[in-house]
Structure formats: structure tokens, C-alpha cells
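Listed below, chain by chain, are the residues.
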Amino acid sequence: MSAVPLAALRGIVKRFGPVLANDHVSLDVRPGEVHAILGENGAGKSTAMQILYGLYRPDAGEIHWNGAPVAIADPADAIALGIGMVHQEFLLVPPMTVTENVVLGLREGRGPMLDRSGAAARLAAIAARHGLAVDPSARIAYLPIGVQQRVEILKLLYRDARLLILDEPTAVLTPQEKDALFATLRSLRAEGRSVVLVTHKLHEIMAIADRVTVMRGGRVIDTLDVAGTSERDLARRMVGREVVLRVARTPARPGAAALRVEALTARDAAGRATLRGIDLMLHAGEILGIAGVEGNGQSELAEALLGLLPVTGGRILLGREDITRRPVAARRARGMGFIPADRRGTGSITALSVAANAVLGEQRRHTRAGGMLLDRGAIVATAREIVAHFGVRTPNVALPAGKLSGGNLQKLVLGREVRRASRVLVVEQPTRGLDIGAVEAVWQALLAERDAGRAILMISAELDEIMNLADRIAVLFEGRLSTPLPADAVTREQLGLMMAGRDPAAHGRAA
Amino acid sequence: MLLAALAAFAVAGLLFIPYGTDPLSAYAFLFAEAFGSLRGFGFTLVQATPLILIAQGTVLAWRAGLGYVGFEGCFVLGAAAAAWLALGGTPDGFPYALPPALFFPAVLALSFAAGAVWAGMIGVLRVRFRGNEVLTSLMANYVAAFIVQYLVSGPMRQPGSLPQTPRLPRDTWLPYLIPEARTHAGILIALVASGLVAVLLRATPTGYEIIASGINARAARYGGIPVARRQMLAILLAGGLAALAGLGAVLGVQHRLMDGLAGGAGFVGIVVALLARLDPLAVVPAAILYGGLEVGGAAMQRDTGVPSAVVFILESLVVLFILGSGLLRGWRLPLPWSGRWRATSRKAAE
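Analysis parameters
Residues numbered from 1 in each chain as written. Chains lettered and ligands numbered in written order. Predicted model: local features only at pLDDT ≥ 70, side-chain atom pairs only at ≥ 80, totals over all residues. Helix = DSSP H or I, 4+ residues; strand = E, 2+ residues; numbered from the N terminus. Rg over C-alpha atoms; globule rule 2.2 N^0.38 Å. Contact = placed C-beta atoms within 7 Å. Pairing = 2+ DSSP bridges. Axes fitted to C-alpha atoms, helices over the stretch in contact; angles between N-to-C directions. Core = buried A, V, L, I, M, F, W, Y, C linked by C-beta atoms within 7 Å. Buried ≥ 20, exposed ≤ 12 C-beta atoms within 10 Å, placed from the backbone. Nonpolar A, V, L, I, M, F, W, Y, C, P; charged D, E, K, R; others polar. pLDDT = per-residue confidence, 0-100. Right-handed = clockwise from strand over helix to strand, strands pointing away. Parallel < 35°, antiparallel > 145°, perpendicular 65-115°, else oblique. Left-handed = near helix turned anticlockwise from the far one by under 90°.

1. Observations regarding the overall build of chain A
Okay, so step 1: Counting its secondary structure elements, chain A contains 16 helices and 23 strands.
Okay, so step 2: Taking 511 residues into account, the globule formula puts the C-alpha radius of gyration at 24 Å, and chain A, at 24 Å, falls close to it.
Okay, so step 3: If you line up chain A on its principal axes, its C-alpha atoms span 70 × 50 × 45 Å.
Okay, so step 4: Summarising the internal contacts of chain A: among those between residues at least 6 apart in sequence, 69% fall at separations of at least 24.

2. A closer look at the overall build of chain B
Okay, so step 1: Along the backbone of chain B there are 14 helices and 2 strands.
Okay, so step 2: In chain B, of all internal contacts separated by at least 6 residues, the share reaching a separation of at least 24 is 78%.

3. Points about the sheet that holds strand S10 (residues 219-225) of chain A
Residues and elements named next belong to chain A.
Okay, so step 1: Across the sheet, 6 strands lie side by side as S6-S7-S8-S3-S9-S10; this open sheet has mixed pairing. Two strands lie at the open edges of the sheet, namely strand S6 (83-86) and S10, each paired on one side alone. Taking each pair of neighbouring strands and ignoring which way they run, the sheet shows an average axis angle of 20°.
Okay, so step 2: As judged from the 4 bridges shared by S6 and strand S7 (residues 163-167), these two strands associate in the parallel manner. Note that in S7 the partner of Ile 83 across the bridge is Leu 163.
Okay, so step 3: Contacting S6 and S7, helix H5 (residues 145-158) runs over the sheet at an angle of about 170° to S6.
Okay, so step 4: Here helix H8 (residues 231-239) sits on the sheet and contacts strand S3 (34-38), strand S9 (211-216) and S10; the angle it forms with S9, its principal contact strand, is near 30°.

4. A short note on the nonpolar core
Okay, so step 1: By size, the foremost hydrophobic cluster in this structure holds 256 residues, and its most contacted members are Ala 79, Val 272 and Ala 287 of chain B.
Okay, so step 2: In contact with Ala 79 of chain B, other than residues within four places in its own chain, are Gly 246, Leu 247, Ala 249, Val 250, Leu 257 and Leu 261 of chain B.

5. Quick word on the interface of chain B and chain A
Okay, so step 1: Across the contact, 22 residues belong to chain B and 27 residues belong to chain A.
Okay, so step 2: Among the elements that take part in the side of chain B that touches chain A, helix H14 (residues 334-349) of chain B stands out by supplying 8 residues, more than any other.
Okay, so step 3: Among the residues making up the side of chain B that touches chain A, the classes are represented as 11 nonpolar, 6 polar and 5 charged.

6. Some remarks on the sheet that holds strand S4 (residues 60-65) of chain A
Residue and element names in this part refer to chain A.
Okay, so step 1: Read across the open sheet, the 4 strands follow the order S2-S1-S4-S5; overall the sheet is antiparallel. The open sheet has two free edges, formed respectively by strand S2 (19-29) and strand S5 (68-70), since each of these has just one partner strand. Pairs of neighbouring strands in the sheet enclose a mean axial angle of 30°, with direction left out of account.
Okay, so step 2: Strand direction decides the pairing type here: S4 and S5, joined by 3 bridges, are antiparallel. Bridging from a neighbouring strand, His 64 pairs with Pro 69 of S5.
Okay, so step 3: Running over the sheet, helix H1 (residues 45-52) touches strand S1 (7-16), S2 and S4 and is turned about 115° from S1.

7. Examining the environment of Met 96 of chain A
All names here are of chain A.
Okay, so step 1: Considering the arrangement of structural elements, one finds Met 96 in the loop between S6 and helix H3 (98-103).
Okay, so step 2: Distance from Met 96 to Ala 141, taken between C-alpha atoms, is 7.8 Å for residues 45 residues apart in sequence.
Okay, so step 3: When neighbours within four sequence positions are excluded, Met 96 is seen to be in contact with Asn 101, Arg 139 and Ile 140.

8. Some thoughts on the confidence of the model for chain A
Residue and element names in this part refer to chain A.
Okay, so step 1: Residues at a pLDDT of 70 or more form 94% of chain A, whose mean pLDDT is 85.
Okay, so step 2: Per-element confidence in chain A is highest for strand S20 (residues 455-459), whose mean pLDDT is 94, and lowest for helix H16 (residues 492-499), whose mean pLDDT is 77.
Okay, so step 3: Low pLDDT, under 50, characterises residues 506-511; the stretch is placed with 15 contacts to residues that sit more than four places away or in other chains.

9. Details of helix H9 (residues 298-306) of chain A
Residue and element names in this part refer to chain A.
Okay, so step 1: Burial of H9 is extensive: 9 of the 9 residues sit out of reach of the surface.
Okay, so step 2: Along H9, the residues that are buried comprise Gln 298, Ser 299, Glu 300, Leu 301, Ala 302, Glu 303, Ala 304, Leu 305 and Leu 306.
Okay, so step 3: Phi turns positive, to about 100°, at Gly 307, one or two residues after H9.

10. Description of the confidence of the model for chain B
Residues and elements named next belong to chain B.
Okay, so step 1: Looking at chain B, pLDDT values average 84 and 90% of them are 70 or higher.
Okay, so step 2: When the criterion is pLDDT under 50, residues 328-350 qualifies, and its contacts beyond four places in sequence or with other chains add up to 13 contacts.
Okay, so step 3: Prediction confidence for the complex, expressed as pTM and ipTM, is 0.75 and 0.78 respectively.

11. Thoughts on the pairing of S7 of chain A
Regular strands have side chains that alternate between both faces of the sheet.
All names here are of chain A.
Okay, so step 1: Of all 5 residues in S7, 5 are buried; the element is thus mostly enclosed.
Okay, so step 2: Residues Leu 163, Ile 165 and Asp 167 of S7 are buried on one face, and the alternating residues Leu 164 and Leu 166, pointing to the opposite face, are buried as well.
Okay, so step 3: In the sheet, S7 pairs with strand S8 (residues 194-199) via 5 bridges, with the strands oriented parallel. Bridge assignment links Ile 165 to a residue of S8, and that residue is Val 196.
Okay, so step 4: One crossover worth recording links S7 to the parallel S8 by way of helix H6 (residues 175-190), and it is right-handed.

12. A look at the environment of Ala 190 of chain A
Residues and elements named next belong to chain A.
Okay, so step 1: If you trace the backbone, Ala 190 turns up in helix H6.
Okay, so step 2: On the basis of neighbour count, Ala 190 is assigned to the exposed category, with 10 C-beta atoms found within 10 Å.
Okay, so step 3: Each C-alpha atom of the pair Ala 190 and Arg 211 lies 15 Å from the other, and the pair is 21 residues apart in sequence.

13. Some remarks on the pairing of S3 of chain A
Residues and elements named next belong to chain A.
Okay, so step 1: Most of S3 sits inside the fold, with 5 of its 5 residues counted as buried.
Okay, so step 2: Side-chain alternation along S3 places Val 34, Ala 36 and Leu 38 on one buried face and His 35 and Ile 37 on a second face that is also buried.
Okay, so step 3: Across 5 bridges, S3 lies against S8 in parallel orientation. In the sheet register, Ala 36 faces S8, and the bridge partner there is Leu 197.
Okay, so step 4: Of the strand pairs in this sheet, S3 and S9 are connected by 4 bridges, and their pairing is parallel. Across the sheet, His 35 pairs through a bridge with Arg 211, a residue of S9.

14. Here's the deal with the packing of helix H5 (residues 100-129) of chain B against helix H6 (residues 133-153) of chain B
Residues and elements named next belong to chain B.
Okay, so step 1: At a minimum axis separation of 10 Å, H5 and H6 run at an interaxial angle of 150°. Here H6 runs roughly antiparallel to H5, going by the angle between their axes. As for how H5 packs across H6, the hand of that crossing is right-handed. Residues Trp 118, Ile 122, Leu 125 and Arg 126 of H5 lie in contact with H6, whose contacting residues are Glu 133, Thr 136, Ser 137, Ala 140 and Ala 144.
Okay, so step 2: By residue class, the composition of the contact of H5 with H6 is 5 nonpolar, 2 polar and 2 charged.

Written as C-alpha cells, this is what we have:
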């Protein structure tokens, strides 16, 4: 190697109990490069980065910084060296301002007082240099998620980080925000800083990274120059086999109206309107895709449909029956199912077994002695059926559901809801955080359900998912839903603009 | 778990030394008193009876996700209800007496209902108005204690005597199983209740729903489980079980109602449930262990002058150590690493 790498992992080994998370991982990050780490969930990419950031200690191996071995015992050591990390969940204090968040934990200058105006000025200078438009005096709680991410990056730059680790940074961004982030990353690279981008999105790697390290099963498979590779090649290396990134689908054959929503409104706990009059019509045998950046009423719409969120106005009709005031159990009994975005907090009870989770909501149908006692045999049979049919990888159905990987847990939730929901399936962010193999499986299952005549409402922030699966597409922005359009009549760019509230065709408009 | 219990015994053993007793023979004496003879074991069962019932109540309420601690209140009101029926309402009595075949079912139902209503009030405050059930149930204990104080110094007082009711009619006493130890049939009630709680929680859809509501109310609601109703059911049953503990104390031990009847059983029962890790089947041996410690401690104080407070300390230490062991499992991991890792990696860096 010609230049001395800025940071290097050398033979890192890390075990979690019986799981070998990192198996002799070695990689170099050169000064002034954007280095992508690609891998499926559980490939060990996050573990490797958390070791570099001092969150875990390796069982073997060394970390080098500017060519010399260093000990990084905790994040404070990493920060002192010049390593910074933006986690998937932001670590900001919502009631405090941008400046306060950035200087949080820093001791600078003399005396006990904070030099707020000095800090704000320095912050503004850094922000201007890298195109990170942020008002230093704004409070975090009022900032959109994309701007909060900028604040996280500013925090690192304010501490003069030489190496920035970004963990799945684009998951929460609109296409336009993503472009802005990439512009910032290019500007950081031009300044000689290095960026490590942990991701499993191939097209982002092609768009921004200089080199890419592919990981699989805890090992480094390869480190490649992005210029000399392709999405298809990367996907094959990541999964270890050829993958189809598009699902084969036939045109929908929509049937009768299954679900009708009229002028639905809802408010959050603080009394702010979250749904501002939603109208939609969902037919049997079709997938209606609801695109949009999260926080525009997506979760509220899904929860209102299943009955978890009380609505303040409007009607929900399942078939011809008005179910607006009916409880969750009644809606489920009439053939509605819901796959929530938060599969660990809402979709499952992680402390209970796979079997217990397989019958959540259906426990009264797995009984004997006239409904008095649970029928363990029937519960286990149902669980095994779901596990087998949807390929849930689990040693047995007595395992606590929380020990399943995200993809396998999602397949369990999906299997349960699909098994039950004879009419309408409300699906929220069905493949968030899943690896390619699991995404494929979930997509195939949803299409199969559509073809079997279920009506599917799919809420997703992933344009790929919407474009690939939906028969009609609408955009939810600030609690309002645009008129659904046939999927082949809209482009990715149009959707992106509508998601940001900038299309005159959408009902909502950005301020 | 076992190690934690042994550690607690070892630490508490140090407390015997100032009294000139060596810990091993003190423990041998303690356990011989509690478990070494039928008579001793009978006393132990008497002590264990209310602990089992209250611990099962704790299991139900806490598994449903409620931090209910109002068992003392349910205990004394259940005792008052039982005494009221046994006395026929007032010291003057009903104009007629219930035959035993009717009296015992009636007194069980009435006492259970008294505790259920008392706990149910807290349940309504919690599930409907989001009141903090820990605080409200704790305060309700005082109210219940004062209600009983009022009853025994007013309407139900034995004329011209201490503030207590007259002795209950002999027919209303719970029968003795081990007469020499005055072990009453309350232990049977406690064991039957334990079996029912175990079946309810482990084998019925309702139990599944209670546990789901307690672990993750959000997911339970999502599954269509009526969380508030299941929590109400759990707290009603919990209050009722604690009231039966009071019934046992009145009809089985004291044979009259008086102030201060619960004597902390409402809290020791919670401790027993924690020791059993909220497992209804583990509650029974845990309660018998604690009952035995109290019997042995009292005997030790009587015979050797070592204060029975040592036993209270021991009981508390067992729980602290066992709860602590759960915490330590999580905490222990980074501690040895940090030292070793820093040392080796520094060496490597040199």
C-alpha cells in the first residue's frame, strides 16, 4: 500500500457468546476517501465499526491510527483521536438548541460559563463550508429528521473529527435530502477527511463511495475500487449468490372495494393534527403504496386503520361495515391484519417465545376444553407452520422471539398477519433494516397475498419498495394524502418531490 | 441464585458473633426449630399461609404490569369482612346463625370480594385515570388500617374490653390440621389458590393475555387484547387473594379482629414473590422458607436471646442478593474486561 492508512483494523476478532461476529476483520481507511462497508444484517459491519469507535473491545486484533497501533477503550478515546460516529438513532437532546447540542460535553475556553455566541459563530462557519444549512439557535425538537442528521455531523466536525463513521445514514432521508448529504460528504472528502459509510444500499455506494469493503458472515470478502465494479457484482459478493433485485410481478386484477376511508382525521397527544382528512379506496387484489418520509402521518394512518389510535373525525368502512368505532379485536376478527414498522415494540412481545408470538391476537382460537385452556399442541403447530412456510430461521419455536434477527422476526410477524388477515393487510415499512435475502422473501410474500385477493395498503419510505410492489401510489405529506396514481404513470423524481411537499399536484405544501 | 442465598446466609451469620453464638450452630438451631419436627413445621405452615396468598396476588398483579403494593389493606379488610360475618354483623349477632356448610363458602366469597373491591378501586384509578398505582395502593393501606381501627374501637368492639372484637364463635374457626401446632386449614386454601394461579397464568388464554399486557401493553393492544380489562381482572384477583390471607389470620389464628393484624405480611409476601421471580409454583417453597425463618427466629430469640431482628435482616439480604445477582449478570461483563483490555492493549501500544 502506498499511503499510510488513516485508520486500519488488523485481524479483529469479536465473539458474542457462541456467535463469531468478526472473524479476523482487516480493512484500511485512507485519508480523504469515502469508504463504504457493505453487508447484509449480521454480516458484522456494525460490530467492526463499533469496535473502531470504542463501543466494543475486540477479543483479538489491533487498531492502527496513522500507522501506529492504538488502544481505544471507549468512545472518549476514539473522539480524542479524531474518530466520530453518527448512529442510526440520533443522540440529541430535543429541547435544546443546535448550538447547545453541539457543544454538549465539551470543555473549552476558560471560566465556568458557556461561550454560546462564539460557539454559534464557529458552528455557522463549519456549516457554511460544507453546505450544512442549519439555524444554530433552532431547537432540535422542531427540526426535521434530515436536519437533525446534519446537526449530528456538525457535532463531529466541531470536534474536528478526521474520520466520520455514518451508520445507515440515508434510511430516514428523502431523495433530495440524500443528495444534500452526499454533497456534504464530497465536501468533507475534498478537505481530506475520511468517511466510512455503513450501508446495504448498492446504488448509494455506486453514487458516492471511492472504495467498498464487502462483508459476509463476519468476514471481509473483498475490498474493491467502486469504479471497477457494478451493483450486480456487489450484490453477488454480499449475498454469495446471484440475486434478483426486482421481483417478477404480473399486473394486478383488482376486485371489489375492500376498505374505504373518508375524511379521516386524528390528533396527537399534544392536540396537533396528524391526519388532516384522508380519503382512500382500497380494492381486493391490489397493493396501494403510500410513499412519504416518516413523520408525516404514516404510523398514525396505519394505527387508525387497525384501531390503535382513536380518530377525531371521518369514517373507515371495511367492506360495507362502518368500523370506525370498533376495537382492535373486532377488526382483526373481520379479517384485518397489520404489520407495524416497529416489529420489536409493537409487532411482537420479544420476551415471549416464537410460538407465543405466532398466535398473538389469535390466542382465543388456539384453545381446548371449550376455550378454557390454551392448546399448546395447536399453538406449536401454528408456529411451525409459519416457520416452515415463511422460512423463519430459528432453532425451535420455544426460542424467545427477541433473539430472532430482524428479518426472521419480520417473517414471523408477516406470516402471522397474513395467515389471519383474509381481507385487508396494512403494512408499514415492511423491509426496514432487512438484508436483501429477507427483502426478497417479504416482497414475494406480499405479492403472493395480493394475487390471492387480499387488499394491501403498503406504507413505505423506500421508493424502491413502492416502485417495485405498488399497483397505485399516493404520497402522504403533512397528514394529507395525494390522489393515488397508477404506478407506471409516476417517476421516482416526481415522487421524491411530492414526498418533500414540493409538488403542486400534492395537497400539502411546504412552508 | 443458590449462591446468592448462601452469600446472604454467610453475611447475616456474622451478626450472630457478637452474641457469642457461632453462625453454623445458630442456623442449625434455626432450621431444626422450623423444619425439624412436625410441630415446628406446623408453625412454619401457619406463617407461610398468608405469605403464599399475598405472593400469588403479587404474581398476578405484577405479571399484569401493575406495581400494586396494597396487600396490607386488602389483608385487613378481608379479615374484617370475615370477622363481621363470623360474628353475625355485631357483637349481638344475627338473629339466626348460618350452618357451617353455608358459612364457609359465604365467608370466603365475602372476604375475597372485600379485598377485590379495595384493590379494584386502585385498579380503576390506574387503568382509567392513569393514577400511579404504587402511590395510591400504598396510601390505601393506611386508609384500610384506619377503617379496621374504627371498626374495632366502635361498631364491632367487645364491650368493656381492649379495642378488639369478641372472640368468634367456635363453629366459625377454620379446622386444625395439625392441632399441636394449631396449623389451620388456611394452608389448603393457599395451596388451592396457588394451583389456580399457576393454571390461570400458564395454561389459559386469559393468562396469556394478562402476561402479554404486562410485558408489552402496546403489542398486546395491537394483538386485540383488552389490556385495561385484563389488568383489572388481575388486580381484582390479587386483592381477593390478599383478603383470604386476612381471613386465615382471623378464622384460623387470632379468632378475633384487632388492630395491626397484618403485621407486615402484605410486604413480606411481595418479597416472597420476588424471591420466587414471580413464578406461581416457586412461590410455595419460597413462602415456606420465609415462614420457617420467622418461626426459627422467634424460637432463637426465646431460647438464646439473639434478637429475631437478625432473621429480618437475613430475609432482606436474601432478596437483595438474589435481585442483585440478576443485576450483576449484566454488570459483571464489562468490569473484568476493562482492566485486562486496557492493560494488554497498552502493552501492545508501547
